[in-house]
Amino acid sequence: MSSPLHPSNLELQALSVLWQEGPSTVSTVHKTLPDGKERAYTTVLSVMQSLERKSLVKREYVGKAHVYTPTYAQEVIVQHATHNFLTNAFGGRLSDALLAILSAGTLTLEEKLNIERELKRHKTMAAKKSAKKAPVKTAKKAVKKVATKAPVKAAPAKKAAPKAPAKKAPAKKVAKKAAKKVAKSAKKVAKKAVTKTVAKKAAPAKKAAAPAKKAAPAKKAAAPAKKAAAPAPAKKAAAPAKKAAPAKKAAKK
């Protein structure tokens, strides 16, 4: 079964009529088929119905007549047909196909001019494609050259690459140690500041307590007074009284 975009030869003839004449009925297609062979109306009708099943044409009602319109442009369908024809008949050789086509008939002046324009357009397109491919080829060659030379030069770089993290690691440790030292010194300074402020606040209290300690000698001064008030002299006075006792004894005698 042929593909929808690869119609049969008779279907291509019917499509060519629609592309040239525009939307047409079955009778119009039957009368104007390019090969000019005699065919029954029903044969052309079955061809148009086959094209409709393949979605290559659309059918519309215009009064009582059925009008068919192509759904694809001629370039789309012909491109597939030409590719198949070129591949199957000439093995993909475009020059042989062109020569065979030109030898099949004669060309008018307008047709020759159209062909010349198409050939010029083909040349410009081919030049643009080659110009686009040239930078890609040169770039690929440059990449290959660099790829062949790069491993020799890049080997030391790969060996030296692991050393970079080793240099960065001590810097981090030093930074951490320095941060710890700064934190410790800040704590010490803060403690000293706190102790100084506490000492300054406690100094007046100590000074106020100092007079109280100085008043203690007054107690010591009072101690002699107590000693003076003690009955020590009375004992001394009693001593002469005892000494007077012999005087009494002498008077009795």
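As a convention, each chain's residues are numbered from 1 in the sequence order in which they are written. Given that this is a predicted model, residues contribute local features only at a pLDDT of at least 70 and side-chain atom pairs are listed and counted only at 80 or more, while totals for whole chains, interfaces and linings are drawn from all residues. Heavy atoms throughout the structure, all of them, feed into the side-chain values; hydrogens and water do not.

Q: Looking at this structure, I do not really get the nonpolar core. What am I missing?
A: Throughout this description, the term nonpolar core refers to a set of buried Ala, Val, Leu, Ile, Met, Phe, Trp, Tyr and Cys residues connected via side-chain atoms within 4.5 Å. Exposure categories follow from relative accessible area, calculated using a 1.4 Å probe and restricted to protein chains: below 20% of the type maximum is buried, above 50% is exposed, and the middle band is partly exposed. One finds Leu 15, Leu 18, Val 29, Met 48 and Leu 51 to be the most contacted residues of the largest nonpolar core, which totals 16 residues. Each helix is a run of DSSP H or I of at least 4 residues and each strand a run of E of at least 2, with the numbering of both proceeding from the N terminus. If you list the elements that add at least two residues to this core, you get helix H1 (9–21), helix H2 (26–31) and helix H3 (41–53). Among all residues touching Leu 51, those that are not within four sequence positions of it are Glu 11, Ala 14, Leu 15, Leu 56 and Val 57. Whether two residues touch is decided by their heavy atoms; if any such pair falls within 4.5 Å, the residues are in contact.

Q: Help me understand the confidence of the model for the chain in this model?
A: Note that predicted coordinates carrying low pLDDT should not be read in detail. As a per-residue measure, pLDDT reflects the predictor's confidence and takes values from 0 up to 100. Mean pLDDT over the chain: 73, with 59% of residues reaching 70 or higher. Predicted confidence is poor over residues 208–248, with pLDDT under 50, and the contacts of this stretch with residues over four places away or in other chains come to zero contacts.

Q: What am I meant to see in the pattern of salt bridges here?
A: Pairing between side chains of opposite charge can happen when the charged atoms of each approach one another. Within this document, salt bridges are pairs made up of a side-chain nitrogen of Lys or Arg and a carboxyl oxygen of Asp or Glu, the two lying within 4 Å of each other. Per the stated rule, a full pass over the model turns up five salt bridges. The shortest N-O distance in the salt bridge between Lys 54 and Glu 11 comes to 2.9 Å. Here Glu 11 lies in helix H1 and Lys 54 lies in the loop between H3 and strand E1 (57–62), a separation of 43 residues in the sequence. Neither Lys 54 nor Glu 11 differs from the other in exposure class; each is buried. Close ionic contact of Glu 52 with Arg 59 constitutes a salt bridge, the shortest N to O distance being 3.5 Å. Classification of Glu 52 as partly exposed rests on a relative accessible area of 26%.

Q: Would you mind showing me how to read the pairing of strand E2 (residues 65–70) here?
A: In regular strands, side chains alternate between the two faces of the sheet. Direction of pairing for E1 relative to E2: antiparallel, over a ladder of six bridges. Bridge pairing links Glu 60 to Val 67 in E2. What sits between the antiparallel neighbours E1 and E2 is a turn of two residues, in which Gly 63 has the positive phi angle 70°. Two strands are counted as paired when DSSP detects at least two bridges linking them.

Q: Please explain H1 as it appears in this structure.
A: The periodicity of an α-helix, 3.6 residues per turn, causes residues three or four places apart in sequence to face the same way. The length a helix should cover is 1.5 Å for every residue beyond the first. In this model, H1 (13 residues) spans 18 Å end to end at C-alpha, consistent with the 18 Å of a helix rising 1.5 Å per residue. For H1, the secondary structure elements touched by its buried residues are H2, H3, E1, E2 and helix H4 (74–90). Gly 22 sits one or two residues past H1 and shows a positive phi near 90°.

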